[in-house]
There are 4 protein chains.
Amino acid sequence: MTQPHYFKLRVYYEDTDAGGVVYHANYLKFVERARTELLRKAGANQTDLRLHDELIFVVGHMDCKFVKPAFLDDELLIETLMPKVGKVSFTFEQKVWRDTELLFTTSVKAGSIDAKTFKPKVMPLELLEKLKQY
Amino acid sequence: MTQPHYFKLRVYYEDTDAGGVVYHANYLKFVERARTELLRKAGANQTDLRLHDELIFVVGHMDCKFVKPAFLDDELLIETLMPKVGKVSFTFEQKVWRDTELLFTTSVKAGSIDAKTFKPKVMPLELLEKLKQY
Amino acid sequence: MTQPHYFKLRVYYEDTDAGGVVYHANYLKFVERARTELLRKAGANQTDLRLHDELIFVVGHMDCKFVKPAFLDDELLIETLMPKVGKVSFTFEQKVWRDTELLFTTSVKAGSIDAKTFKPKVMPLELLEKLKQY
Amino acid sequence: MTQPHYFKLRVYYEDTDAGGVVYHANYLKFVERARTELLRKAGANQTDLRLHDELIFVVGHMDCKFVKPAFLDDELLIETLMPKVGKVSFTFEQKVWRDTELLFTTSVKAGSIDAKTFKPKVMPLELLEKLKQY
């Protein structure tokens with residue numbers, strides 16, 4: 001994956017807190033929406049994977065830097081790179097921007113696990129190829 | 001059920017919004033916590049029901065009145081009455097208090113459905129008896 | 001307002017619960033996003049109103065009917081009508097659709113209040129005209 | 001601070017997702033509740049600080065490891081240590097346990113900022129002493 005994936009979203013009241021800014025945990029929701037859309041675009045529908053392949057993706061590790069606050073009504077842009085794709089794990093580098101201001105960055109390590117046993121489970125080969133080629 | 005059930009909770013940053021008050025949808029979370037604890041006390045463990053009886057409780061109708069705002073750090077008291085218990089549905093009357101101030105009231109109609117088909121499903125007789133006697 | 005306002009959204013993991021469906025309180029977030037976009041389109045920016053006019057909109061009453069469950073990855077359409085606009089209050093009728101299936105309906109009564117005192121506060125006349133003409 | 005602070009909580013439907021487990025971002029809410037209670041116990045009321053001292057605490061960096069899933073109805077224990085307290089920043093080490101199973105760990109770097117300018121702001125000396133002595 002050489003080109004970053006971009007995803008736009010709007011900040012609503014539900015995302016903010018009494019400090020007048022986006023509640024810190026909600027950036028994790030924002031970047032997960034972006035990863036979901038990247039995966040969808042690359043050919044991975046998570047509902048199908050869960051129901052037909054009994055496979056779910058889970059986050060194993062996140063390193064998060066909260067750089068600047070986002071506010072109600074802001075339009076944010078999520079930039080996502082997927083530098084590593086393996087058989088049971090993959091890595092994302094994500095940034096949240098408001099125009100040219102960087103608000104949040106994260107490195108995410110995700111894994112592919114069995115929906116019932118929660119043990120690592122190899123992705124279908126076809127999906128792996130799609131993700132690598134994306 | 002002649003005596004109301006009481007449940008206490010604290011307001012955290014996650015519950016508030018940029019208006020400086022509790023975000024309106026979060027009262028629905030608060031009252032659901034209280035219903036869960038009432039059901040647990042009455043003998044209904046929702047995890048067991050879902051995994052062993054393939055039965056889940058769902059909300060069908062809620063009438064909500066937002067009377068006064070709650071704030072960060074407030075300690076709230078949820079008062080719950082369960083005036084009607086039927087084979088596939090039950091009713092709750094719930095109030096959220098901060099000391100003697102009424103902040104929110106709701107009437108909730110909930111149903112018992114099959115976890116897979118999402119069709120109404122009669123509660124186990126033993127559970128029904130427990131809920132009626134509670 | 002004679003034409004309904006439409007707003008589209010996608011269901012992400014953050015919106016679902018262990019029942020495998022959208023968590024009931026999250027429909028309130030969905031319809032609030034739609035009301036926000038309707039108000040924005042009609043000329044009411046809530047951040048400006050809060051910071052410059054010290055005016056916030058709050059929900060006073062909601063009657064909610066949960067008709068059918070929504071699932072992960074669903075694309076939902078929110079239909080909103082604003083049948084009544086007064087000086088300190090307005091009413092919305094909202095429906096959540098998945099294609100032709102009705103999933104959720106609500107009647108919302110909202111008010112315009114002072115951001116500091118939380119007492120009813122008349123909307124700027126210009127805004128009132130815009131909302132009525134919308 | 002030589003003794004860890006402990007905080008107990010219950011997992012409700014609102015905390016879970018369609019994978020049948022606690023949604024990953026919600027661990028950040030759990031550990032924030034624990035930090036809030038630790039700060040309250042140490043003498044720092046965040047509402048007072050925001051309204052009277054125009055000071056808010058914000059998270060600057062979090063390193064999060066998602067070790068094992070938590071489930072609906074689980075009772076979790078949050079263990080918090082505050083190894084460093086400075087004039088404008090402090091550090092927390094937090095762990096989420098279900099009995100003897102470690103589910104989540106995080107290192108949190110938080111800062112003390114001005115509620116209006118969002119620039120670093122030195123904590124009141126009295127508060128700093130309380131936190132150091134805690």
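The notes below deal with the structure included here. Sequence order sets the numbering: in each chain, residues are counted from 1 along the sequence as written. A letter from A marks each chain and a number from 1 marks each ligand, given out in the order of writing. pLDDT decides what is reported in this predicted model: residues at 70 or higher carry local features, side-chain atom pairs at 80 or more are listed and counted, and totals for whole chains, interfaces and linings draw on all residues regardless. Each side-chain value is worked out from all heavy atoms of the structure, with water and hydrogens disregarded.

With that settled, consider the interface of chain A and chain B. Interfaces are often sized by the amount of accessible area the parts lose when they come together. In this description, contact between two residues means that some pair of their heavy atoms is separated by no more than 4.5 Å. In this complex, chain A contributes eight residues to the contact, which on the side of chain B involves eight residues. Carbon and sulfur atoms make up 71% of the area that chain A and chain B hide from each other, which totals about 700 Å². A quick way to say it: buried area is the sum, across both parts, of accessible area lost when two parts are put together, with a 1.4 Å probe. Sorting the residues of chain A by area buried against chain B places Tyr13(A), Ala18(A) and Tyr23(A) first, and these three jointly supply 57% of that buried surface. Any Lys or Arg side-chain nitrogen located within 4 Å of an Asp or Glu carboxyl oxygen qualifies as a salt bridge. In this assembly, chain A and chain B are joined by zero salt bridges. Throughout this description, a polar contact denotes any pair of N or O atoms lying within 3.5 Å of each other; where both atoms belong to protein, one of them has to be capable of donating a hydrogen while the other can accept it, and for residues adjacent in sequence the pair is counted only when both atoms sit in side chains. On the surface where chain A and chain B come into contact, there are four residue pairs in polar contact (both at pLDDT 80 or more).

For this overlay, a least-squares fit was computed on C-alpha atoms, restricted to residues scoring pLDDT of at least 70 in both copies. Its rotation angle being 180°, the transformation that places chain A on chain B also includes 0.0 Å of axial translation and leaves an RMSD of 0.0 Å. On this basis, the relationship between the two copies can be described by a two-fold rotation axis. Residues of chain A ranked by C-alpha distance from the rotation axis are headed by Asp17(A), positioned 1.9 Å from it. Interface overlap between copies: 100% of the residues of chain A at the interface are likewise at the interface in chain B, consistent with a symmetric, same-surface contact.

So, on to helix α1 (residues 26–41) of chain D. Residue and element names in this part refer to chain D. Helix length check: α1, at 16 residues, gives a terminal C-alpha distance of 23 Å against a target of 22 Å (1.5 Å per residue), a fit within 8%. Burial classes: relative accessible area under 20% of the type maximum marks a residue as buried, over 50% as exposed, and values in between as partly exposed (1.4 Å probe, protein chains only). Strands are runs of DSSP state E lasting at least two residues, helices are runs of H or I lasting at least four, and both sets are numbered from the N terminus onward. Of all 16 residues making up α1, 15 are buried, and the element is well covered by its neighbours. Gly43 sits one or two residues past α1 and shows a positive phi near 105°. Take the number of residues in a helix, subtract one, and multiply by 1.5 Å to get its expected span.

Attention shifts here to the interface of chain B and chain C. Tallying the contact residues gives 23 residues for chain B and 23 residues for chain C. Summed over both sides, the interface of chain B with chain C buries roughly 2,000 Å², with 62% coming from carbon and sulfur. For the interface between chain B and chain C, the tally reads zero salt bridges. Along the contact surface separating chain B from chain C lie ten residue pairs in polar contact (both at pLDDT 80 or more).

Overlaying chain B on chain C yields an RMSD of 0.0 Å, the required transformation being a rotation through 180° with an accompanying axial translation of 0.0 Å. Comparing interface residues between copies, 100% of those in chain B also sit at the interface in chain C, which points to an isologous, same-surface contact.

For the rest of this paragraph, the subject is the pattern of salt bridges. Across all of its chains, the model carries 37 salt bridges over all chains by this definition. Across the salt bridge formed by Arg40(D) and Asp73(B), the nearest N and O atoms sit 3.4 Å from each other. On the criterion of chain membership, the pair formed by Arg40(D) in helix α1 and Asp73(B) in the loop between β2 (55–66) and β3 (75–85) is interchain, its members lying in two chains. Here Arg10(D) ties to Glu75(D) by a salt bridge, and the two come within 4.0 Å at their closest N and O atoms. Placement of the pair is Arg10(D) in strand β1 (residues 5–10) and Glu75(D) in strand β3 (residues 75–85), with a sequence separation of 65 residues. Among the residues examined, Glu75(D) registers a relative accessible area of 44% and is labelled partly exposed. Overlapping salt bridges bring together Glu37(B), Arg40(B), Arg10(D), Asp73(D) and Glu75(D) as one network.

This next bit is on the environment of Thr36(C). Locating Thr36(C) in the fold gives a position in helix α1 (residues 26–41). Note: C-alpha distance between Thr36(C) and Gln46(C) (ten residues apart in sequence) is 7.9 Å. Setting aside its immediate chain neighbours within four residues, Thr36(C) contacts Tyr12(A), Asp73(A) and Gln46(C). Here Glu32(C) takes part through its backbone oxygen, which lies 2.8 Å from a polar atom of the side chain of Thr36(C).

Residue and element names in this part refer to chain D. Among the residues of helix α3 (residues 125–133), those classed as buried are Leu127, Leu128 and Leu131. Looking down the long axis of α3, one finds its buried residues gathered within 100° of arc, a one-sided arrangement. Opposite the packed face of α3, turned more than 90 degrees from it, sit the exposed residues Leu125, Glu126 and Gln133. On its buried side, α3 packs onto α1, α2 (46–52), β2 (55–66) and β3. Think of the arc as the fan of directions from the helix axis to the C-beta atoms.

All names here are of chain D. Position of Glu79 among the secondary structure elements: in strand β3. In this tally, Asp and Glu contribute negative charge and Lys and Arg positive charge; neither His nor the terminal groups of the chain are included. No salt bridge is formed by the buried Glu79. Its closest oppositely charged neighbour is Lys95, at 4.8 Å. A polar contact of 2.9 Å, which involves the side chain of Glu79, links it to the side chain of Trp97. Non-local contacts of Glu79, meaning those with residues more than four positions away in its chain, are made with Pro4, His5, Tyr6, Glu93, Gln94, Lys95 and Trp97.

Here we come to the packing of aromatic side chains. Two aromatic rings are characterised by how far apart their centres lie and by the angle between their planes. Classification of ring pairs rests on two measures: the distance between centres of Phe, Tyr or Trp rings, Trp counted by its six-membered ring, which must be within 6.5 Å, and the angle between planes, read as stacked under 30 degrees, edge-to-face over 60 and tilted in between. All told, the structure shown has 29 aromatic pairs over all chains when counted by the stated rule. Plain terms: the ring middles of Phe57(A) and Phe90(A) are 5.0 Å apart, the flat faces sit at 85° to each other, and that makes the pair edge-to-face. Highlighted residues: Phe57(A) in strand β2 (residues 55–66) and Phe90(A) in strand β4 (residues 89–98), separated in sequence by 33 residues. Of the two residues, Phe57(A) and Phe90(A), neither departs from the other in class, the shared state being buried. Plain terms: the ring middles of Tyr27(C) and Phe104(C) are 5.0 Å apart, the flat faces sit at 15° to each other, and that makes the pair stacked. Of this pair, Tyr27(C) sits in helix α1 while Phe104(C) sits in strand β5 (residues 101–114), and the two are 77 residues apart along the sequence. The pair formed by Tyr27(C) and Phe104(C) is uniform in burial state, with each residue classed as buried.

Two strands are counted as paired when DSSP detects at least two bridges linking them. With antiparallel pairing, the ten strands of this open sheet are ordered in space as β1(A)-β3(A)-β4(A)-β5(A)-β2(A)-β2(D)-β5(D)-β4(D)-β3(D)-β1(D). Lying at the two open borders of the sheet, with one neighbouring strand each, are β1 (5–10) of chain A together with β1 of chain D. In this sheet, neighbouring strand axes are inclined to one another by 25° on average, regardless of whether the strands run parallel or antiparallel. With eleven bridges joining them, β2(A) and strand β5 (residues 101–114) of chain A adopt antiparallel strand pairing. Following the sheet pairing, Ile56(A) is matched in β5(A) by Ile113(A). Lines are fitted to the C-alpha atoms to define the axes, a helix being fitted only along its stretch in contact, and any angle between axes, read from their N-to-C directions, falls within 0 to 180 degrees.

Here we come to the sheet that holds strand β1 (residues 5–10) of chain B. Read across the sheet, ten strands follow the order β1(B)-β3(B)-β4(B)-β5(B)-β2(B)-β2(C)-β5(C)-β4(C)-β3(C)-β1(C) without closing on themselves; strand pairing throughout is antiparallel. With one partner strand each, in any of the chains shown, β1 of chain B together with β1 (5–10) of chain C form the two edges of the open sheet. The mean inter-strand angle of the sheet, taken between neighbouring strand axes irrespective of direction, is 25°. The pairing of β2(B) with strand β2 (residues 55–66) of chain C spans five bridges and is classified as antiparallel. Across the sheet, the residue bridging to Met62(B) is Cys64(C), located in β2(C).

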